[in-house]
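Residue-level listing of the chains:
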Amino acid sequence: LLHSMAERTDQFADIVLPLALPNLFTYRIPQALSGAVVPGMRVVVQFGKSGKLYAAVVWRVHENAPAYSAKYIEHILDPEPVVTEKQLELWDWMAEYYLCTRGEILIAALPSGMRLTSETRILLHPQNTEPRDGLSDDAFIVLEALDVRQSLTLEELSSILDRKTVYPLVKELIGLGFIQVHEELQERYRPKFESFVKLAAEYDNEDKLREAFNELEKRAFKQLEVLMSFIRLSDRYGKPQEFVKRTHLLETAKDSSGSSLRGLIKRGVLEQHELEVSRLLLAESEGRTILLSDEQQQALQSIRTQFEQLDVVLLHGVTSSGKTEVYIRHIAEQFEQNKQVLYLLPEIALTTQLIVRLQRHFGERVLVYHSKYSEQERVEVWQHVRKGGPVIVVGARSALFLPFENLGLVIVDEEHDPAYKQEDRVFYNARDMAVVRGRIGDFPVVLVSATPSIESRVNADQGRYAKVHLPGRFGGAALPDLHLIDMRRFPPARGGFLSPVLIRGIEKTVARG
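Caption draft 1: Examining the pattern of salt bridges more closely. Counted under the stated rule, the structure contains 17 salt bridges. Here Arg 357 and Glu 325 are joined by a salt bridge, their closest N and O atoms 2.2 Å apart. Of this pair, Arg 357 sits in helix α13 (residues 352-362) while Glu 325 sits in helix α12 (residues 323-336), and the two are 32 residues apart along the sequence. For the salt bridge of Arg 431 with Glu 415, the shortest nitrogen-to-oxygen distance reads 3.4 Å. Taken as a pair, Arg 431 in helix α15 (residues 430-441) and Glu 415 in the loop between β16 (407-412) and β17 (421-424) lie far apart in primary sequence, 16 residues in all. Look at Arg 431 and you get buried, because its relative accessible area is 5%.

Caption draft 2: Broad picture of the packing of helix α2 (residues 85-97) against helix α3 (residues 102-109). Remark: α2 packs on α3, axes separated minimally by 9 Å, with the N-to-C direction vectors making an angle of 125°. Relative to α3, the element α2 is oriented oblique. Crossing angle aside, the handedness with which α2 passes α3 is right-handed. Contacts between α2 and α3 involve Trp 91, Asp 92, Met 94 and Ala 95 on the former and, on the latter, Arg 102, Ile 105, Leu 106 and Ala 109. Partitioning the contact of α2 with α3 into residue classes produces six nonpolar, no polar and two charged.

Caption draft 3: Spotlight on the packing of α12 against α13. For the pair α12 and α13, interaxial distance at closest approach is 11 Å and the crossing angle is 40°. Judged on the interaxial angle alone, α13 and α12 are oblique. As for the relative orientation of α12 and α13, their crossing is right-handed in sense. Counted together, Thr 324, Glu 325, Ile 328, Ile 331, Ala 332 and Phe 335 of α12 and Arg 357, Leu 358, His 361 and Phe 362 of α13 form the full contact between these two elements. Tallied by class, residues from the contact of α12 with α13 come to six nonpolar, two polar and two charged.

Caption draft 4: Looking closely at the sheet that holds strand β2 (residues 25-29). What the five strands build is an open sheet, ordered β2-β1-β4-β3-β5; its pairing is antiparallel. Only two strands of the sheet have a single partner each, and these edge strands are β2 and β5 (75-76). One ladder, built from six bridges, connects strand β3 (residues 42-47) with strand β4 (residues 52-62); its direction is antiparallel. Its bridge partner lying in β4, Val 45 is registered against Tyr 54. Here α2 sits on the sheet and contacts β1 (11-16) and β4; the angle it forms with β4, its principal contact strand, is near 100°.

Caption draft 5: Quick look at the pairing of β4. A large share of β4 lies buried, amounting to eight of its 11 residues. Alignment of β1 against β4, held across five bridges, turns out to be antiparallel. Bridge pairing in β4 places Ile 15 opposite Val 58.

Caption draft 6: Just the environment of Glu 155, in detail. For Glu 155, the location among the structural elements is in helix α5 (residues 154-161). Placed 11 residues apart in sequence, Glu 155 and Val 166 show a C-alpha to C-alpha distance of 9.0 Å.

Caption draft 7: Quick peek at the layout of surface pockets. Considered as a void within the structure, the largest pocket measures approximately 480 Å³ in volume. As for the largest pocket, its lining consists of 21 residues, and the residues nearest its centre are Ala 108, Ser 371, Arg 378, Ser 398 and Gln 422. At the level of secondary structure, the elements contributing two or more residues to the lining of the largest pocket comprise α3, α14 (375-386) and β17. The element that contributes the greatest number of residues to the lining of the largest pocket is α3, accounting for three residues. Per-class residue counts for the lining of the largest pocket are nine nonpolar, five polar and seven charged.

Caption draft 8: Expanded view of the sheet that holds strand β19 (residues 445-449). What the seven strands build is an open sheet, ordered β14-β15-β13-β16-β19-β12-β20; its pairing is parallel. Every interior strand has two partners, whereas the edge strands, β14 (366-369) and β20 (466-470), have only one. Averaged over neighbouring strand pairs, the angle between their axes works out to 20° when direction is ignored. As judged from the four bridges shared by strand β13 (residues 340-344) and strand β15 (residues 392-395), these two strands associate in the parallel manner. Directly across from Leu 344, in β15, lies its bridge partner Gly 395. Lying over the sheet, α12 contacts β12 (312-317), β13, β15, β16, β19 and β20, oriented at roughly 170° with respect to β16.

Caption draft 9: Structural view of the environment of Leu 344. Here Leu 344 is to be found in strand β13. When the C-alpha atoms of Leu 344 and Leu 447 are compared, they prove to be 9.7 Å apart, with 103 residues separating the residues in sequence. The residues touching Leu 344, leaving out its near neighbours within four places in the chain, are Gly 395, Ala 396, Arg 397, Ala 399, Leu 400, Ile 411, Val 412, Asp 413, Tyr 420, Ala 430 and Ala 434.

Caption draft 10: Quick peek at the nonpolar core. Residues Trp 91, Leu 342, Val 393 and Leu 402 are the most contacted members of the largest nonpolar core, which totals 51 residues. Considering each element in turn, this core owes the most residues, six residues, to α15. When residues no more than four places from it in sequence are discounted, the contact partners of Val 393 are Val 341, Leu 342, Tyr 343, Leu 367, Tyr 369, Val 385, Ala 399, Leu 402 and Phe 404. By size, the runner-up hydrophobic cluster in this structure holds 28 residues, among which are Phe 307, Val 313, Leu 354 and Val 366.

Cut-off values and rules
Residues numbered from 1 in each chain as written. Predicted model: local features only at pLDDT ≥ 70, side-chain atom pairs only at ≥ 80, totals over all residues. Heavy atoms only, no water. Salt bridge = Lys/Arg side-chain N within 4 Å of Asp/Glu carboxyl O. Helix = DSSP H or I, 4+ residues; strand = E, 2+ residues; numbered from the N terminus. Buried < 20%, exposed > 50% of the residue type's maximum accessible area, 1.4 Å probe, protein only. Axes fitted to C-alpha atoms, helices over the stretch in contact; angles between N-to-C directions. Parallel < 35°, antiparallel > 145°, perpendicular 65-115°, else oblique. Left-handed = near helix turned anticlockwise from the far one by under 90°. Contact = heavy atoms within 4.5 Å. Nonpolar A, V, L, I, M, F, W, Y, C, P; charged D, E, K, R; others polar. Pairing = 2+ DSSP bridges. 1 Å grid on protein atoms, 1.4 Å probe; cavity = no way out; pocket = protein on both sides within 12 Å on 5 of 7 lines; lining within 4 Å. Points joined across faces, edges and corners; volume = space filled by probe spheres on them. Core = buried A, V, L, I, M, F, W, Y, C linked by side-chain atoms within 4.5 Å.

Right under this line is the structure:
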């Protein structure tokens, strides 16, 4: 025993807090958690004199004790890391390059549903027996409310007293020993559960099932209809599925009140279970095969060849040249290698049409990540990506921070678009950070545009990026004729804003059908 105690060493973790602070902070890892804490995990720690709780991310684990007395980590929030080591490396690079803190990047990177918040609660002090005589009216109201409700948040306290500022009163009551303050961490993400129905094990054979049918036919015909609907929906005699969604069953069996279903559950024929379900709407693939033109096939082969020399390729193709089909084929090649793909788009270009187009080819492997999704859905995309399976994530700039375990390709569409620049809290260009992420992870990046940015053109001309050109429209379609119209020579009619030349051009085009 003495020998094992002598060999035991203390472990420490440097953590990044969701605060705009320049330093990492070192916490002691309790012996009970020794070996369980690894970089990328979320842990709960107390920070500051108030003892406020924060969900922080572990940066590194070591055995070097700090010069100060380190506080202990309270507990672990995740059984495994939610942030990969490659992500932490990207955060480090961004903090240095953009002159910001790792904490600010943590706030920008993690979906809000994963950033737990600490809530201050006021409780009566259990050891206080002092008389309440002489207290102010507000103090007496607070203590009476705590007698009834046991604990109150600061917001609830403010509402009860109808006062914006309650801190002086709280401080006074703490000093008199009447109350104490407790910090409680609130988990914002809640898994979604739905009710499902399955056949009880006893009736999962033909003899017992026939017996149940005969009995219900005589005594409870409505219940028989529900059971028959369950058999159809579960496809028992085809490709059987164990569970059927309760709402779907009630709708199909026209059992709006659910009384017949409850009767079957009471008889022990069916069982009801609450199961966790995904909020993500995953579509099925139509299994389409893309036939590329000679120009597209040449561009695809050129990208493959260029990737042997350089990690970044600028795909410069005119509008309607068929660029999308080229990188859809490239995405399919990544899936054949069991790799993940990130497809970045400016927020405005995240259209339903494009997502449906990708889903036709890749089905449920297509995930969408952007600000229009709820925080619950964003957490589920984060968790789905972290599993490491072959998926393509279509998203705006924030999708760059997802915890890809096996990323094989990043596509930055409309790379010239200024919307890739984040100008709130952390200032960064998602297009440039995609290139950095590719170099950190050692995988290729394709920048796509009909009008490449000056930066990308210069990088391609100077040999830092490879360049592939698609000069013609798909199917030999002609490019539109462009004309500059001098509005001084051809002014619009009074009250209008279109020039006569433009109006005549529109009329001719419409007349041609």
